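The lines below spell out each chain.
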Amino acid sequence: MPLRTLFRYLANHPEVINRLAESYPIRRAAQLTAYLIHRSKETGQRSLDDFLKSSTTRQIKEQASETGNSVQSFSKTFTEELKDGLRKMNEEIKKQK
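Residues numbered from 1 in each chain as written. Predicted model: local features only at pLDDT ≥ 70, side-chain atom pairs only at ≥ 80, totals over all residues. Heavy atoms only, no water.

Peer 1: Run through the overall build of the protein chain, naming residues and quoting values.
Peer 2: The helix and strand inventory of the protein chain stands at four helices and zero strands. Traced from its N-terminal end to its C-terminal end, the protein chain shows the element sequence α-α-α-α. Taking 2.2 N^0.38 as the reference for a compact globule, 97 residues should give roughly 13 Å; the C-alpha atoms of the protein chain span a radius of gyration of 34 Å, well beyond that estimate. Counting only C-alpha atoms, the protein chain reaches 95 × 40 × 20 Å along its principal axes. Here the protein chain holds 97 residues, and the buried ones make up 1% of them. Here the protein chain contributes 18 positive and 12 negative side-chain charges, whose respective centroids are spaced 7 Å apart. (Helix = DSSP H or I, 4+ residues; strand = E, 2+ residues; numbered from the N terminus. Rg over C-alpha atoms; globule rule 2.2 N^0.38 Å. Buried < 20%, exposed > 50% of the residue type's maximum accessible area, 1.4 Å probe, protein only. Lys, Arg positive; Asp, Glu negative; His and termini not counted. Charge placed at Lys NZ, Arg CZ, Asp CG, Glu CD.)

In structure tokens form, the structure reads like this:
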């Protein structure tokens, strides 16, 4: 409980906050944090660029386009067969009448 009160007191006084912000440990921690964020962003971007340039990515793209073509041809064939079946069924119903 006393720590909570102490922290609340310190956090609500701008003079204390400014003095802490100007202290060497806090400034150094902020510098290291900014450095690590920028470094990890740069590393991630480099890794993403390398991945996009790799042959694996091209293979995945090719397989995806082939799969898309297969789905389109299946859909087209299925639609044609369905229409043909319905047409034949209508003709049989007309013959029975």
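Once you've had a look at it, read on.
Peer 1: Let's hear about the packing of aromatic side chains: which residues, and what values?
Peer 2: For the structure on display, the rule yields one aromatic pair. Relative to phenylalanine 78, the ring of phenylalanine 74 lies with its centre 6.1 Å away and its plane at 20°, an arrangement referred to as stacked. Taken together, the residues span about one helical turn, with phenylalanine 74 and phenylalanine 78 both in helix H4 (residues 55–96) at a distance of four residues. Accessibility expressed as a relative area gives 58% for phenylalanine 74, which makes it exposed. (Phe/Tyr/Trp six-rings, centres within 6.5 Å; stacked < 30°, edge-to-face > 60°.)

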